[in-house]
Amino acid sequence: MSVCDTTTPKRPRWRAWLETDTPQSVRQASLQETWRKVLYFRSQPLGMIGLALLLLLLFVVVFAPLLATHNPIAQDLDARLLPPSAQYWLGTDHLGRDVYSRIVYGARTTLRIAVLVAIIVAPLGLVIGATAGYLGGIVDEILMRITDVFLAFPGLILALGFAAALGPGVDNAIIAIALTAWPPIARLARAEALTIRQADYIAAVRLQGASAARIIVRHVMPVCLPSVTVRVTLNMAGVILTAAGLGFLGLGAQPPWPEWGAMVAVGRQFMFDYPWVVAAPGLAIAAISLAFNLLGDALRDTLDPRIG
Amino acid sequence: MAPITRMAAFGRGAIPTSAGLRVGLGRVVSVLFTLLGLLALTFFIGRLLPADPVLAVTGPEVTKATYDRVYLELGLDRSVWQQFLGYIGGVLQGDLGRSTTTGQPVMQDLMRAFPATLELSLAAAIVGSAVGIPLGIAAAVNRGSWIDHIARIIGLAGYSIPIFWMGLMGLFLFYAKLHWVGPSGRVDIFYEGMVPPVTGMMMVDAAIAGDWTVFRSAFAHLILPASVLGYYSTAYISRMTRSFMLEQMTQEYVIAARAKGLSRSAVIWRHAFKNIRVQLLTVVALVFGGLLDGTVLIETVFGWPGVGQYLTRGLQFNDINVVMSTVLMIGVLFLTINVVSDWLYRRLDPRTR
Amino acid sequence: MSEPRLLQLQDLRVSFHSRDGVVDAVRGVSFSLGREKLGIVGESGSGKSMTGRALMRLLPSTATMHAKTMRFGEIDLLAASERQMCQVRGRHIAMIMQDPKYSLNPVVTVGKQITETYRRHRRTGGRAARDYAIEMLDAVKIRDPARVFHQYPHEISGGMGQRVMIAMMLAAEPSLLIADEPTSALDVTVRFEILQLLDELIQSRHLGVLFISHDLNLVRRYCDRVLIMYAGQVVEEIEADRLNEATHPYTRGLLDSMPRIHRPRHRLPVLQRDPAWREPLTADER
């Protein structure tokens, strides 16, 4: 920021517009508010590191075929359990597959799980929470009891149960995780909806004759959306770890497709003599969940000025 | 670890802010409802989700005769409601069905495995509290100092590093390289079965028998899994302790205590800490529940013959009955712990007594 | 002045650093105080409470303070170590806070909170401290002190809580008392009793008092001298009985916007704030 200011003698017009003390319109003022948050977010080094790591993940996922040095599933039994070298950057596993290339392709599995879980969980939690909070009464009671039941299991355990019943595989793991990850989101959305339903503009819409469903979809859910988005981001680290745990227990991607948790599990028996087989994929999991944690913390600090 | 994040979400709901609102009958009904929900959920997952519940129980290779027997055993000839009622009836009588792998009643297997899990979780909870609480307090009262940063790093690592991986790395470093701790299992193999089981917890049994060689061996095997598991509770406990403590340190009564001339340590321990003790008790109880989650992975890594390993064995051999029964048992335990900690909270706080 | 000054303060400045920049809460406050009742009046945010807390070095960690002089008797409060400050607090300077609901520790019994002050400064045994605490409870006119001794703060009323607060703060016999809005959180009916009690104790114990309040009428009746604060500065210092001669427009505005029984007015004027009052005062004006 300060770097920008010194290198560019004159601030670009859009920045001047964003930073003026006298906004001309409501839209400008609200954009300024957003801009201030962006600036604050950028001033948090840890959050930026998290963001950078996730962008790196995205880059790896998109360009995996270019970044990988070997075919991730090609076995070469003559090159089993080789230590890291110029040819095999992170060594090879017990079937002579290149660990580095497997990690690169494994990133696809991880990102796929994270994104799909988010896409399922956010609307699910939003609909349940907003409906419960807006309608209140018996609907609220029933929905929240159901939420409580899901929360009464430790997260991984319930996901294990679902995954076991659905059978192994990435898609089933995604469904299993999503089915266990929605309750906190629903709770949050409900809390927001509870405060909104008292608002005058909701009363006004109701007086105009809008149906409950319309009010929930058009007026309540959009208001809950920002906090739900932040919360889903915050929970992503947990999702990644649960996914890795399922993979470790053999419930994620099936061989020979690379998945980080499963790579750790397979490497276990060779670990004492060939530690790289286990170390590298574990570090990859840790790096990505760390990235989500850093990003989540920074986001929360940015959006919640009380902690500062 | 995932359980910790989940626990945080759960903790907010479970720690009553205005206690005494839902006491008595209302609470009992609500707990019973949740219990019924647990049963319904495990029933649903175990019997209705799999395409063929019989094959889910027996595995794909099965003779026609076995298939039919299991079909009847599961009561699949009856309606879903009758099946569900039969399931509840069975659970209430302690009948969880048989394991296809061990051939034993699941209940019996679980009872045998439980003490090992309890021993591990207790040790982990002790490690977590003994490190996490002082760390959280030190971080809060020295906000922004090096110790606060260390607490933050420990916390971040705990929320980011997969627990099974940390367990494996621990084995690699402390067992294979440094020889500080024992390998997998609960004691060295030649001590197996040397002390009579009383509590089922190896160290306690060895102490009761006065056999200190076994005790030492058991300790050497317990310390690493307990520490790894305890590390994750440290991350959570220190984070919660820090935020509770930060909240207290800005309270007016803390200023008043300082205005009386009390020393820093007196203000911290005799005033602020006293106010978070009950909250901490709830946190530790919740951590204990969350440890159940971590034990599944840690027991698998360390070959610890507890409930978690039983569950993953069941997974491996496609023993759905074992899996769902264990899931149910852990759910019931988790719920019990929450109810008890809730009750303790209301009992111990002078404001709500 | 025949008596030596208890407290001397010169050019106190307190500022807060936050994400959005620096906020100056106190901007160059000076006064001295003997064994008298000095009132500080100002609206919320004027810096009056921060001045009181700065004197005891009890500011939040986000605050920084500077002063040219800050002395209590022979003790230089600016140079004193935290250890020395612990000896000053409670023993020499004590503070009564606004709301006993928050300023008493909810999970510590009343008795313990009083004995604690006493034992901190007069190394005595538990038995003697207990007797003394009950004596103190009696001195603040609590009926059945032996019973209240064992009670928790939430079990007693607000008025009683403030009596306990006074007992707790006077237990080590300080010579200067900072009373920060001591009656604002109380029921109107008990305010007067608490003030009266406070006055008696001040008389009998020969205390110097810094009375911080937003209530000009109260301060004028209660104190000998009044400082009027606005935006972190003292805009006027005046004897309480000469308040009618106040010259600063802010003080005049405050006086003018108060209802009076004998001269009923249809509508009270609203205080018009002049941005010029926020400007730093010149050395001359101070």
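Here is a short report on the structure shown in this document. (Residues numbered from 1 in each chain as written. Chains lettered and ligands numbered in written order. Predicted model: local features only at pLDDT ≥ 70, side-chain atom pairs only at ≥ 80, totals over all residues. Heavy atoms only, no water.)

### Observations concerning unusual backbone geometry
All names here are of chain A.
Argument step 1. A cis geometry characterises the amide bond from proline 255 onward to proline 256, with omega recorded as 5°.
Argument step 2. Along the polypeptide, proline 256 turns up in the loop between helix H11 (212-248) and helix H12 (260-267).
Argument step 3. Its identity as a non-glycine residue notwithstanding, leucine 81 has a phi of 50°, on the positive side.
Argument step 4. Here leucine 81 is to be found in the loop between helix H5 (64-67) and helix H6 (99-135). (Helix = DSSP H or I, 4+ residues; strand = E, 2+ residues; numbered from the N terminus.)

### Topic: the pairing of strand E5 (residues 69-72) of chain C
Residues and elements named next belong to chain C.
Argument step 1. Because side chains alternate across E5, one face comprises the buried residues Met70 and Phe72, and the other comprises Thr69 and Arg71, none of which is buried.
Argument step 2. Alignment of strand E1 (residues 7-18) against E5, held across four bridges, turns out to be antiparallel. The residue bridging leucine 7 from the neighbouring strand is phenylalanine 72, located in E5.
Argument step 3. Two elements, E5 and strand E6 (residues 75-76), share two bridges in a ladder whose sense is antiparallel. (Buried < 20%, exposed > 50% of the residue type's maximum accessible area, 1.4 Å probe, protein only. Pairing = 2+ DSSP bridges.)

### Examining the interface of chain A and chain B
Argument step 1. Contacts between the two partners involve 52 residues from chain A and, on the opposite side, 55 residues from chain B.
Argument step 2. The contact between chain A and chain B buries some 4,600 Å² in all, and 74% of this surface belongs to carbon and sulfur atoms.
Argument step 3. Taken as a group, A:Arg145, A:Phe153 and A:Phe272 account for 13% of the area that chain A buries against chain B, more than any other trio of residues on that side.
Argument step 4. For the interface between chain A and chain B, the tally reads one salt bridge.
Argument step 5. Residues A:Asp297 and B:Arg239 are paired through a salt bridge, measuring 3.5 Å at the closest nitrogen-oxygen approach.
Argument step 6. Counting across the interface, chain A meets chain B through eight residue pairs in polar contact (both at pLDDT 80 or more).
Argument step 7. In terms of residue count, the dominant contributor to the side of chain A that touches chain B is helix H13 (residues 276-303) of chain A (twelve residues).
Argument step 8. Of the residues in the side of chain A that touches chain B, the class split is 34 nonpolar, eleven polar and seven charged. (Contact = heavy atoms within 4.5 Å. Buried area = accessible area lost by both parts, 1.4 Å probe. Salt bridge = Lys/Arg side-chain N within 4 Å of Asp/Glu carboxyl O. Polar contact = N/O pair within 3.5 Å; in protein donor to acceptor, adjacent residues only side chain to side chain. Nonpolar A, V, L, I, M, F, W, Y, C, P; charged D, E, K, R; others polar.)

### Section: the pattern of salt bridges
Note on pairing: side chains with opposite charge can pair once their charged atoms come close.
Argument step 1. A complete count under the given rule lists 33 salt bridges over all chains for this structure.
Argument step 2. Where B:Lys260 meets C:Glu116, a salt bridge forms, and the shortest distance between an N and an O atom there is 2.9 Å. Of this pair, B:Lys260 sits in the loop between helix H11 (252-259) and helix H12 (264-302) while C:Glu116 is found in helix H4 (residues 110-121), placing the two residues in two different chains. For the pair shown, B:Lys260 and C:Glu116 are each scored as buried.
Argument step 3. Overlapping salt bridges, with partners in common, bring together A:Glu141, A:Arg145, A:Asp148 and A:Arg187 in one network.

### Some points on the nonpolar core
Argument step 1. Core analysis: the largest hydrophobic core is formed by 188 residues, its most contacted members being A:Leu160, A:Val220, A:Leu246, A:Trp260 and B:Phe164.
Argument step 2. The residue makeup of this core includes at least three contributed by each of domain 1 (1-43) and domain 2 (109-352) of chain B.
Argument step 3. Beyond its immediate stretch of four places on either side in the chain, A:Leu246 contacts A:Leu156, A:Ala159, A:Leu160, A:Ala163, A:Ala173, A:Ile177, A:Leu251 and A:Gly252.
Argument step 4. The next biggest cluster of nonpolar side chains, apart from the first, holds 96 residues, and it includes C:Phe16, C:Leu58, C:Leu197 and C:Ile238. (Core = buried A, V, L, I, M, F, W, Y, C linked by side-chain atoms within 4.5 Å. Domains from an automatic or database assignment.)

### Section: the interface of chain B and chain C
Argument step 1. Taken together, the contacts link 18 residues of chain B with 29 residues of chain C.
Argument step 2. Around 2,100 Å² of area is buried between chain B and chain C when both sides are counted, 57% of it from carbon and sulfur atoms.
Argument step 3. Where chain B packs against chain C, one counts three salt bridges.
Argument step 4. Here B:Arg270 ties to C:Glu116 by a salt bridge, and the two come within 3.1 Å at their closest N and O atoms.
Argument step 5. Put simply, chain B and chain C have eleven residue pairs in polar contact (both at pLDDT 80 or more) between them.
Argument step 6. Broken down by secondary-structure element, the contributors of at least two residues to the side of chain B that touches chain C are H11 and H12 of chain B.

### Thoughts on helix H5 (residues 80-92) of chain B
Residues and elements named next belong to chain B.
Argument step 1. Helix length check: H5 (13 residues) gives 18 Å between terminal C-alpha atoms against 18 Å at 1.5 Å per residue, within 8%.
Argument step 2. Looking at the buried side of H5, the elements it contacts are helix H2 (25-48) and helix H14 (320-348).
Argument step 3. Just beyond H5, the residue with positive phi is glycine 94, at close to 80°. (Expected span 1.5 Å × (residues − 1).)

### Things to note about the environment of C:His248
Residue and element names in this part refer to chain C.
Argument step 1. Secondary-structure assignment places histidine 248 in the loop between strand E11 (233-239) and helix H10 (249-256).
Argument step 2. Taking relative accessible area as the criterion, histidine 248 reaches 17% and is therefore assigned buried.
Argument step 3. The sequence separation of histidine 248 and glutamate 237 amounts to eleven residues, and the corresponding C-alpha distance is 9.7 Å.
Argument step 4. Those residues in contact with histidine 248 that lie beyond four places of it in its chain are Val235, Glu236 and Trp277.
Argument step 5. One polar contact links the side chain of histidine 248 to the main-chain amide nitrogen of tyrosine 250, over a distance of 2.9 Å.

### Comments concerning a nonpolar patch on the surface
Residues and elements named next belong to chain A.
Argument step 1. Residues Met48, Leu51, Leu55, Leu56, Leu58, Phe59, Val62, Phe63 and Leu66 make up a contiguous nonpolar surface patch of about 830 Å² in total accessible area.
Argument step 2. The leading source of residues in the nonpolar patch is helix H4 (residues 45-62), at seven residues.
Argument step 3. You can see leucine 56 is positioned in helix H4.
Argument step 4. Taking the relative accessible area as the measure of exposure, leucine 56 reaches 48% and is therefore partly exposed. (Patch = residues over 30% accessible without salt bridge, like charges linked within 9 Å, V, L, I, M, F, W, Y side chains within 5 Å. Areas by Shrake-Rupley, 256 points an atom, 1.4 Å probe, with all protein chains shown as cover.)

Shape is all these values report; function is a separate question.
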